[in-house]
Amino acid sequence: MRIVIKIGSNVLTRRTDGMLDVTRLSSLTDQVAELHRHGHEIILVSSGAVASGRGELRDIPGTEQLDQVSARQLFSAVGQAKLINRYYELFRDHGLHCGQVLATKENFACRRNYLNQQHCISAMLLHGVIPIVNENDTVSVTELMFTDNDELSGLIATMMNADCLIILSNIDGLFTGDPQDSSSRLIEKVGIHDDPSCFVTEGKSAQGRGGMNSKCRIARRVAAEGIEVIIANGKRENVLLSLFGIDGAECVPHTIFIPSAQTASGIKKWIAHSDAFAKGHLHVNHGAAEALRNGGNSLLPIGVTSVEGDFERDDIVKVSAPDGSTVGWGRVMTDSNEASLLAGRSGEKPLIHADYLYIDDYAVFRD
């Protein structure tokens with residue numbers, strides 16, 4: 001089984017001082033090594049670099065006056081070195097090798113870069129090396145940053161055709177209300193057509209950028225692509241061993257997102273996570289929106305009512321219904337000028353072929 005494990009900042013840092021929690025890191029590394037011994041392929045998406053660097057440099061004068069971008073660049077440069085060195089030493093104690101993969105959003109915007117990154121991680125897995133992925137905060141600026149590492153873990157899971165994505169946070173999963181409220185209960189399973197949006201709060205973690213809303217959104221999209229997603233508490237003892245029933249570990253509470261029985265092609269998985277890279281916008285009429293959502297159709301010019309943006313052939317564009325809701329995204333077969341000329345005309349070739357069109361079944365939840 002190929003498993004992507006995302007470890008959040010609040011799991012790896014101490015609440016008291018923001019320093020790296022070496023004891024927790026060691027415990028999780030031990031569990032990953034045990035999963036590896038049971039034949040599983042593991043990819044780690046690890047937060048903690050910025051928080052670790054902030055803890056290391058907390059006594060350096062002037063760091064508290066840095067702007068947000070400069071602070072992230074400085075703290076991540078120091079913290080990433082510390083974090084990967086810890087992982088290296090801990091995995092070496094188990095006779096395992098690990099390797100660092102630093103990603104930016106631009107790595108996923110270009111299909112060629114996407115495939116190169118996929119090839120790199122595949123080569124590591126083939127030779128028994130555990131990839132440790134994190135955002136390259138030293139070069140990322142606000143408009144080019146991932147929403148958080150939940151988003152990055154979803155991209156990695158779909159890119160690598162994982163069987164399971166585990167998101168480790170500091171709470172047990174998705175609740176029917178505020179997790180701190182004793183009347184709230186844990187939602188153990190989320191079906192592919194369930195909409196838990198009314199339960200999701202907007203609060204974000206103390207150290208990280210993401211919240212449960214982000215985790216739920218990513219989990220639903222990844223599950224829709226045929227990958228099981230689990231949200232669990234990374235601070236619980238032997239959480240990973242428990243989830244896989246290894247060594248008799250006591251079952252820990254968690255939320256599981258049931259995967260769809262249908263899986264998308266590799267190109268559609270890339271397009272599914274390319275909404276942030278869309279270069280243009282195609283507005284379609286009601287009939288075209290319904291036809292696309294009912295499955296298997298290409299987008300013909302006759303259904304397009306207007307074209308926005310300046311894009312080239314093979315760029316990613318967004319497709320929207322008359323009510324403004326998202327229909328999906330696709331790789332367009334013409335540039336923006338030609339698309340504008342073709343809009344509304346019959347008897348023309350598709351603007352987006354069905355093989356390169358991803359329909360977003362959960363746009364209502366996100367929008």
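Anything mentioned here points back to the structure above.
Structure report, in brief. (Residues numbered from 1 in each chain as written. Predicted model: local features only at pLDDT ≥ 70, side-chain atom pairs only at ≥ 80, totals over all residues. Heavy atoms only, no water.)

### Details of the sheet that holds strand β10 (residues 254-257)
- The strand order β3-β4-β2-β1-β5-β9-β10-β8 describes an open sheet built from 8 strands, whose pairing is mixed. Looking at the sheet topology across the chains shown, the edges are occupied by β3 (97-103) and β8 (189-190).
- In the sheet, strand β1 (residues 2-7) pairs with strand β5 (residues 164-169) via 5 bridges, with the strands oriented parallel. Each bridged residue has a counterpart across the sheet, and for I3 the counterpart in β5 is C164.
- Strands in contact with helix α6 (residues 111-126) are β1, β2 (41-46), β3 and β4 (129-135); relative to β4, the strand with the most contacts, it is inclined by about 145 degrees. (Pairing = 2+ DSSP bridges. Helix = DSSP H or I, 4+ residues; strand = E, 2+ residues; numbered from the N terminus. Contact = heavy atoms within 4.5 Å. Axes fitted to C-alpha atoms, helices over the stretch in contact; angles between N-to-C directions.)

### Remarks on the packing of helix α7 (residues 149-159) against helix α8 (residues 212-224)
- Two elements in contact, α7 and α8, have axes whose closest approach is 9 Å; the angle formed by their N-to-C orientations is 10 degrees. As the angle between them shows, α7 and α8 are arranged roughly parallel. Residues D150, E151, G154 and T158 of α7 lie in contact with α8, whose contacting residues are S214, K215, I218 and V222.
- Class assignment for the residues of the contact of α7 with α8 results in 2 nonpolar, 3 polar and 3 charged. (Parallel < 35°, antiparallel > 145°, perpendicular 65-115°, else oblique. Nonpolar A, V, L, I, M, F, W, Y, C, P; charged D, E, K, R; others polar.)

### Things to note about the packing of helix α3 (residues 49-56) against helix α4 (residues 68-92)
- It is the contact of α3 with α4, at a shortest axis distance of 6 Å, that shows an interaxial angle of 100 degrees. Here α3 lies roughly perpendicular to α4, going by the angle between them. Note on element contacts: α4 touches α3 through R72, F75, S76, V78, G79, Q80, K82 and L83, opposite A49, V50, S52, G53, R54 and E56.
- Residues that form the contact of α3 with α4 fall into these classes: 5 nonpolar, 5 polar and 4 charged.

### A word on the pattern of salt bridges
- Applying the stated criterion across every chain, the model contains 9 salt bridges.
- In this structure, the salt-bridge partner of E41 is R2, at a minimum N-O distance of 2.8 Å. Of the two residues, E41 sits in strand β2 while R2 sits in strand β1, which places them 39 residues apart along the sequence.
- D150 is paired through a salt bridge with K215; the nearest N and O atoms lie 3.2 Å apart. Linking D150 in helix α7 with K215 in helix α8, this pair joins segments that are 65 residues apart in sequence. With respect to burial, D150 and K215 carry one shared label: buried. (Salt bridge = Lys/Arg side-chain N within 4 Å of Asp/Glu carboxyl O. Buried < 20%, exposed > 50% of the residue type's maximum accessible area, 1.4 Å probe, protein only.)

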